[in-house]
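So the chains spell out like this:
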Amino acid sequence: MIYEGKAKKLYETDDPDLLIQEFKDDATAFNAQKRGTIQQKGIINNAISARVFTLLESKKIPTHFVKQLSDRDMLVKRLQIIPIELTIRNITAGGISKLLGIPEGIKLDFPVLEYHYKRDDLNDPLFNEYHIFMLKLATREELKEINERSFAINQILIDFFKEKNLDLVDFKLEFGRHKGKILLGDEFSPDTSRLWERTTGEKLDKDRFRRDLGKVEEAYQEVYRRVMGKEVLQ
Ligand code: 5GP
């Protein structure tokens with residue numbers, strides 16, 4: 001094991017270019033001030049991430065995904081992670097409502113992109129492209145590529161989740177460098193996105209854990225059911 005994060009562990013393999021990403025059931029919120037467990041979350045997030053990465057690859061978006069190895073393990077390309085958390089928002093919620101004093105649930109006329117500096121010790125502060133260039137986290141060309149990819153991913157995933165009767169409210173992406181190329185890394189799951197049931201508006205994502213809304217496991221299972229078209233195996 002080379003790294004243990006809040007929701008995943010990373011292991012080296014015989015191939016220096018490849019790592020194994022293991023998804024845990026552990027859940028944290030508010031920079032790990034709130035801790036808990038969401039039963040089967042690791043299995044659910046691994047499967048949903050694999051499905052999303054496969055979809056994105058089929059649409060020519062390069063990702064670190066190689067293949068799913070088991071219910072909790074995924075083989076990925078080793079990345080030099082760029083310490084930027086890129087958020088795209090289609091509907092107001094969470095951080096943007098708090099930051100700008102606007103209600104949640106307002107459909108935006110165009111997607112809003114934000115950068116947060118990936119630094120737990122600073123609580124992932126919102127920052128802008130000047131800060132990114134100042135800190136030399138990415139070049140102008142790299143950031144342009146990252147932005148274009150992120151908007152393309154947004155459109156693909158809005159359509160994908162709409163078919164499952166889910167609104168893609170917002171999500172967080174991380175990118176990294178691998179052999180001179182920029183690849184999408186990390187995961188895509190109800191941990192890193194907001195997904196609202198289109199008919200009822202019910203929250204089916206990590207906000208159920210963050211905000212103590214109850215039925216946390218049920219929400220993750222419902223997203224799994226809609227994305228995978230089957231029940232999570234017990
Ligand atoms: P917000 O800025 O509103 O808290 O988050 C925006 C979106 O990005 C949400 O879908 C949220 O789940 C995701 N996100 C942003 N930062 C993090 C993070 O540090 N961890 C996780 N799991 N998700 C994040």
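Residues numbered from 1 in each chain as written. Predicted model: local features only at pLDDT ≥ 70, side-chain atom pairs only at ≥ 80, totals over all residues. Heavy atoms only, no water.

The next subject is the sheet that holds strand S11 (residues 126-127). Strands sit in the order S11-S10-S9-S12-S15 across an open sheet of 5 strands; the sheet is antiparallel. Each edge of the open sheet carries a strand with a single partner, namely S11 and strand S15 (193-197). Here strand S10 (residues 107-117) runs beside S11; their pairing, made up of 2 bridges, is antiparallel. Bridge pairing in S11 places His116 opposite Leu126. Running over the sheet, helix H4 (residues 140-163) touches strand S9 (84-91), S10, strand S12 (166-173) and S15 and is turned about 155° from S12. (Pairing = 2+ DSSP bridges. Helix = DSSP H or I, 4+ residues; strand = E, 2+ residues; numbered from the N terminus. Contact = heavy atoms within 4.5 Å. Axes fitted to C-alpha atoms, helices over the stretch in contact; angles between N-to-C directions.)

So, about the site of the ligand. In the neighbourhood of the ligand, 16 residues make up the surrounding shell, with Arg89, Gly95, Asp170, Asp191 and Arg194 lying closest. Contacts to the ligand include Arg194, whose side-chain N or O atom sits 2.9 Å from an oxygen atom. Against a free-state accessible area of 500 Å², the protein chains account for coverage of 79% of the ligand. Looking at the shell around the ligand, the elements with two or more residues in it are S9, helix H2 (94-100), S12 and S15. Its residues placed into classes, the shell around the ligand shows 2 nonpolar, 5 polar and 9 charged. (Near = heavy atom within 4 Å. Polar contact = N/O pair within 3.5 Å; in protein donor to acceptor, adjacent residues only side chain to side chain. Areas by Shrake-Rupley, 256 points an atom, 1.4 Å probe, with all protein chains shown as cover. Nonpolar A, V, L, I, M, F, W, Y, C, P; charged D, E, K, R; others polar.)

Looking now at the environment of Gln21. Tracing the backbone through its elements, the reader meets Gln21 in strand S3 (residues 18-23). The spacing of Gln21 and Lys59 is 38 residues in sequence and 23 Å in space, taken between C-alpha atoms. In this structure Gln21 touches Lys8, Lys9, Leu10, His64, Arg72, Asp73, Met74, Val76 and Asp186, once residues within four positions along its chain are discounted.

By size, the foremost hydrophobic cluster in this structure holds 53 residues, and its most contacted members are Leu56, Ile84, Ile132, Ile153, Leu157, Phe161 and Phe188. Take this core: its biggest share by element is 9 residues, from helix H1 (residues 41-58). Aside from chain neighbours lying at most four places away, what touches Leu157 is Val52, Leu55, Leu56, Leu168 and Phe188. (Core = buried A, V, L, I, M, F, W, Y, C linked by side-chain atoms within 4.5 Å. Buried < 20%, exposed > 50% of the residue type's maximum accessible area, 1.4 Å probe, protein only.)

Turning to the pattern of salt bridges, a few remarks are in order. Scanning the model with the defined rule gives 29 salt bridges in all. The salt bridge involving Glu197 is made with Arg226; its shortest N-O contact spans 2.9 Å. Of this pair, Glu197 sits in strand S15 while Arg226 sits in helix H6 (residues 216-228), and the two are 29 residues apart along the sequence. According to the relative accessible area criterion, Glu197 is buried, its value standing at 9%. Several salt bridges share partner residues, and in doing so they unite Arg89, Glu104, Glu114, Asp170, Arg194, Asp207, Arg210 and Arg211 into one network. (Salt bridge = Lys/Arg side-chain N within 4 Å of Asp/Glu carboxyl O.)

This part takes up the pairing of strand S5 (residues 34-37). One ladder, built from 4 bridges, connects strand S4 (residues 26-29) with S5; its direction is antiparallel. Its bridge partner lying in S5, Thr28 is registered against Arg35. In sequence, S4 turns back onto S5 through a hairpin of 4 residues, with Phe30 there showing a positive phi of about 50°.

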